[in-house]
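# Per-entry structural report
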Amino acid sequence: MKKLVFATNNAHKLEEIRAILGNKVEILSLNDINCHADIPETADTLQGNAALKAQYIYENYGLDCFADDTGLEVEALNGAPGIYSARYAGGEGHDSEANMKKLLSEMQDKDNRKARFRTVICLIEGGEEHFFEGIVNGSIIRERKGGAGFGYDPVFMPDGYSETFAEMGNDEKNKISHRARAVKKLCEYLL
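Criteria and thresholds
- Residues numbered from 1 in each chain as written.
- Predicted model: local features only at pLDDT ≥ 70, side-chain atom pairs only at ≥ 80, totals over all residues.
- Heavy atoms only, no water.
- Core = buried A, V, L, I, M, F, W, Y, C linked by side-chain atoms within 4.5 Å.
- Buried < 20%, exposed > 50% of the residue type's maximum accessible area, 1.4 Å probe, protein only.
- Helix = DSSP H or I, 4+ residues; strand = E, 2+ residues; numbered from the N terminus.
- Contact = heavy atoms within 4.5 Å.
- 1 Å grid on protein atoms, 1.4 Å probe; cavity = no way out; pocket = protein on both sides within 12 Å on 5 of 7 lines; lining within 4 Å.
- Points joined across faces, edges and corners; volume = space filled by probe spheres on them.
- Nonpolar A, V, L, I, M, F, W, Y, C, P; charged D, E, K, R; others polar.
- Expected span 1.5 Å × (residues − 1).
- Salt bridge = Lys/Arg side-chain N within 4 Å of Asp/Glu carboxyl O.
- Pairing = 2+ DSSP bridges.

## Re the nonpolar core
Formed by 20 residues in total, the largest nonpolar core has its most connected members in Leu72, Val74, Leu103, Ile140, Tyr152, Val155 and Phe156. Counting residues per element, the ones that place at least two in this core are β3 (65-74), α3 (96-107), β5 (114-125), β6 (128-140), β7 (156-158) and α4 (165-176). The leading source of residues in this core is α3, at 4 residues. Ignoring anything within four residues of it in the chain, the contact list for Val155 reads Met100, Leu103, Leu104, Ser139, Ile140, Ile141 and Arg144. Leu4, Phe6, Phe66 and Cys187 belong to the second-largest nonpolar core, a separate cluster that totals 16 residues.

## Here's the deal with unusual backbone geometry
Residues Ala80 and Pro81 are joined by a peptide bond in cis, for which omega reads 0 degrees. Phi is positive for Asn34, close to 60 degrees, though the residue is something other than glycine. Structurally, Asn34 is set in the loop between β2 (26-28) and α2 (46-61). The exposure class of Asn34 is exposed, given its relative accessible area of 57%. In this model, Asn78 sits at a positive phi of 55 degrees, which is unusual for a non-glycine residue. You can see Asn78 is positioned in the loop between β3 and β4 (81-82).

## Description of the layout of surface pockets
Of the voids in this model, the largest pocket is the one considered here, and its volume is about 940 Å³. Taken together, 35 residues form the lining of the largest pocket, with Asn10, Lys13, Glu41, Ala86 and His94 sitting closest to its centre. Elements with a contribution of two residues or more to the lining of the largest pocket: α1 (11-21), β3, α3 and α5 (178-190). Element by element, the count of residues in the lining of the largest pocket is highest for β3, at 3 residues. Considered class by class, the residues forming the lining of the largest pocket number 10 nonpolar, 14 polar and 11 charged.

## Concerning α5
Structurally, the α-helix is built with 3.6 residues per turn, so residues lying three or four positions apart point the same way. Between its first and last C-alpha atoms α5 spans 18 Å; for 13 residues at 1.5 Å apiece the expected length is 18 Å, and the two agree. Burial in α5 covers these residues: His178, Arg179, Ala180, Ala182, Val183, Leu186, Cys187 and Leu190. Among the structural elements, β1 (3-6), α1, β3, β5, β6 and α4 are those in contact with the buried residues of α5.

## Some thoughts on the pattern of salt bridges
In this structure the tally under the stated criterion is 12 salt bridges. A salt bridge links Glu125 to Lys2; its shortest N-O distance comes to 2.8 Å. Pair noted here: Glu125 is in strand β5 and Lys2 is in the segment before β1, with a separation of 123 residues, a long-range link. Owing to a relative accessible area of 33%, Lys2 belongs among the partly exposed residues under this scheme. In this structure, Arg118 engages Glu73 in a salt bridge whose closest nitrogen and oxygen atoms are separated by 3.1 Å. With a gap of 45 residues between them, Arg118 in strand β5 and Glu73 in strand β3 connect regions that are remote in the sequence. The pair Arg118 / Glu73 is uniform in exposure class, with both members buried. Shared partners join several salt bridges into a network, and the residues in it are Glu73, Arg116, Arg118 and Glu133.

## Topic: the pairing of β5
Judged by how many residues are buried, β5 sits mostly within the fold: 10 of 12 residues are covered. Sheet topology places β3 next to β5; 10 bridges connect them, and they run antiparallel. Counterpart to Glu73 in the pairing with β5 is Arg116. Hairpin connection, β5 to β6: the antiparallel pair is bridged by 2 residues, and Gly126 has positive phi, about 60 degrees.

Below, the structure written as structure tokens:
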């Protein structure tokens, strides 16, 4: 079975990717390869950040790997929070509650609720880079709903659905999410 390192410390993302890929590819975490570095995300695009993380693993560990970067892009906020989605409210780490509060506050008086989640995956295999993108369009609702998922899931409702990502549960979300769409393209390439 093919082995790939997924360059993330996010347990939710790791679980989601493993569920989507099933037993087709063995996914190793950064912990599995004893990588405890805080890999920089200093690019100004999702594609650039995904590439930085994958390049770090490939250059320092010599292992085929992939990394993703995901952003919530809200039309009324000119694409924000975008690459800053995980640290939108500022401060250290990823405070989902604070990020959601800030987003809902900034959206309070906005009628245009259109938003999209976008994931870009950078795969480095044998030294070659490949990119895969997944997008899901939707809208930001006015108050959080649901207890599943993570990040902005309780305030994001995908187009064509009457539930937020957090209400639909992981199995349903993993079929239609931005990450699932990018991973599907990755799988089609790998398999």
